[in-house]
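Each chain is listed here by its residues.
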Amino acid sequence: MAESPSETIDAFHRGAFHVVQPKGRGHRSGMDAMLLAALVADERTIRVADLGAGAGAAGMAVASRLDRAEVVLFERSSDMADFARKSLLLAENARFANRVSVIEADVTLTGKDRNEAGLVDDSFHHVIMNPPFNDASDRLTPDVLKAEAHAMTDGLFERWIRTAGAIMIPGGQLSLIARPESIGEIIAACGRRFGGIEITPIHPREGESAVRILVTAIKGSRARLALRAPLIMHGEGTHKFTDFVDDMNNGRTSYPRR
């Protein structure tokens, strides 16, 4: 499949798989999606839900790395879901395409509507999410794909984590990546649904403030919250990734819970 003026075909995990993405518009996946995918460290036969999957990079990264993972990409935007479907038709993705499916659904649905949309209760071992970091002002953007995204002021984490808790089996793992300022909302949304919360701050370099957090939690756990050692993205004076971050970004290693 050749690129068109409105889209690109981007390689991830050093060419292990490719994703068709909108060009110059919408939310394009990169490092965040790969770090999120690395949080799924499970060699069993598992079902994984990628909520708000966009073009599907994070979910496909899980399927590419874990041969026994079945992944469902849930995306509200029909345009973004179409990009995911195009990706699954690429020859480069043939080895896992039959283990990945795309469902157009709003992850904030509740009850019967949620189940009928394909977000079925107690049916996934892992739920991953990389929610859009936009705020309400972004709804004014002329970029239609960005305007379709949920805004942070909508109580996004409460709604998404509520859905994650509903569709996950007891003992299942929630994984997400977010900005540090969302930490309070994330912990509150986990509430009694999830415990054993582990938070890893991600810093550009030693001595610089965190720009992202990785969060995992277990459905029904009563274990206490843990703050893990930070991940440092780059060495001092360089833009080169540290070895461990580079391995996570390229699918050579996972980031298991403690």
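Residues numbered from 1 in each chain as written. Predicted model: local features only at pLDDT ≥ 70, side-chain atom pairs only at ≥ 80, totals over all residues. Heavy atoms only, no water.

## Notes on the overall build of the protein chain
Counting secondary structure elements, the protein chain contains nine helices and 11 strands. Computed over C-alpha atoms, the radius of gyration of the protein chain comes to 17 Å, within 12% of the 18 Å expected from 2.2 N^0.38 for 258 residues, which places it in the range of a compact globule. Seen through its C-alpha atoms, the protein chain measures out along the principal axes to roughly 55 × 50 × 40 Å. The buried share of the protein chain, taken over its 258 residues, is 53%. When contacts within the protein chain are restricted to residue pairs at least 6 apart in sequence, those whose partners lie at least 24 apart make up 68%. Here the protein chain has roughly 11,400 Å² of accessible surface; of this, 51% comes from carbon and sulfur atoms. The positive charge centre, built from 32 side chains, and the negative charge centre, built from 34, are 4 Å apart in the protein chain. (Helix = DSSP H or I, 4+ residues; strand = E, 2+ residues; numbered from the N terminus. Rg over C-alpha atoms; globule rule 2.2 N^0.38 Å. Buried < 20%, exposed > 50% of the residue type's maximum accessible area, 1.4 Å probe, protein only. Contact = heavy atoms within 4.5 Å. Areas by Shrake-Rupley, 256 points an atom, 1.4 Å probe, with all protein chains shown as cover. Lys, Arg positive; Asp, Glu negative; His and termini not counted. Charge placed at Lys NZ, Arg CZ, Asp CG, Glu CD.)

## As for the packing of helix α7 (residues 156–167) against helix α8 (residues 183–190)
Between two packed helices, both the angle of their axes relative to each other and the distance between the axes serve to describe the pair. It is at 9 Å that the axes of α7 and α8 come closest, and there the two elements cross at 35°. In this structure, α7 meets α8 at a crossing whose hand is right-handed. Packed against α7, whose contacting residues are Leu 156, Phe 157, Glu 158 and Ile 161, the element α8 presents Glu 185, Ile 186, Ala 189 and Cys 190 at the interface. Looking at the contact of α7 with α8 residue by residue, the classes come out as six nonpolar, no polar and two charged. (Axes fitted to C-alpha atoms, helices over the stretch in contact; angles between N-to-C directions. Left-handed = near helix turned anticlockwise from the far one by under 90°. Nonpolar A, V, L, I, M, F, W, Y, C, P; charged D, E, K, R; others polar.)

## Remarks on the packing of helix α1 (residues 31–38) against helix α2 (residues 57–65)
Between α1 and α2, the least distance of the axes is 8 Å, while the angle of their chain directions is 45°. In terms of their interaxial angle, α1 and α2 are classed as oblique. Where α1 crosses over α2, the handedness of that crossing is right-handed. Facing Ala 33, Met 34, Leu 36, Ala 37 and Ala 38 of α1, the residues of α2 in contact are Ala 57, Ala 58, Ala 61, Val 62 and Arg 65. By residue class, the composition of the contact of α1 with α2 is nine nonpolar, no polar and one charged. (Parallel < 35°, antiparallel > 145°, perpendicular 65-115°, else oblique.)

## Here's the deal with a nonpolar patch on the surface
Residues Ile 183, Ile 187, Leu 225 and Leu 227 make up a contiguous nonpolar surface patch of roughly 340 Å² in combined accessible area. Mapped onto the fold, Ile 183 is located in helix α8. (Patch = residues over 30% accessible without salt bridge, like charges linked within 9 Å, V, L, I, M, F, W, Y side chains within 5 Å. Salt bridge = Lys/Arg side-chain N within 4 Å of Asp/Glu carboxyl O.)

## Structural notes on the environment of Met 31
Looking at the element boundaries, Met 31 is found in helix α1. When its relative accessible area of 17% is taken as the criterion, Met 31 is described as buried. For Met 31 and Thr 200, which are 169 residues apart along the polypeptide, the C-alpha to C-alpha distance reads 15 Å. Discounting chain neighbours no more than four positions away, the residues touching Met 31 are Met 233, Phe 241, Val 245 and Asn 249.

## A word on the environment of Val 19
In this structure, Val 19 sits in strand β2 (residues 17–22). Measuring from C-alpha to C-alpha, the distance between Val 19 and Lys 86 comes to 8.2 Å, with 67 residues separating the pair along the chain.

## Let's talk about empty space enclosed by the protein
Taken as a whole, this structure holds one cavity of 30 Å³ or more when the rule is applied. Considered as a void within the structure, the largest cavity measures approximately 40 Å³ in volume. Lining the largest cavity are Leu 39, Glu 198, Thr 200, Leu 214, Val 215, Thr 216, Arg 228 and Tyr 255. Of all the secondary structure elements, the ones that give two or more residues to the lining of the largest cavity are β8 (194–203) and β9 (212–219). No other element matches β9, which puts three residues into the lining of the largest cavity. Class assignment of the residues belonging to the lining of the largest cavity gives a composition of four nonpolar, two polar and two charged. (1 Å grid on protein atoms, 1.4 Å probe; cavity = no way out; pocket = protein on both sides within 12 Å on 5 of 7 lines; lining within 4 Å. Points joined across faces, edges and corners; volume = space filled by probe spheres on them.)

## Overview of α1
The buried fraction of α1 is high, at eight of eight residues. Those residues of α1 that sit buried are Met 31, Asp 32, Ala 33, Met 34, Leu 35, Leu 36, Ala 37 and Ala 38.

All quantities given are derived from atomic positions and should not be read as evidence of function.
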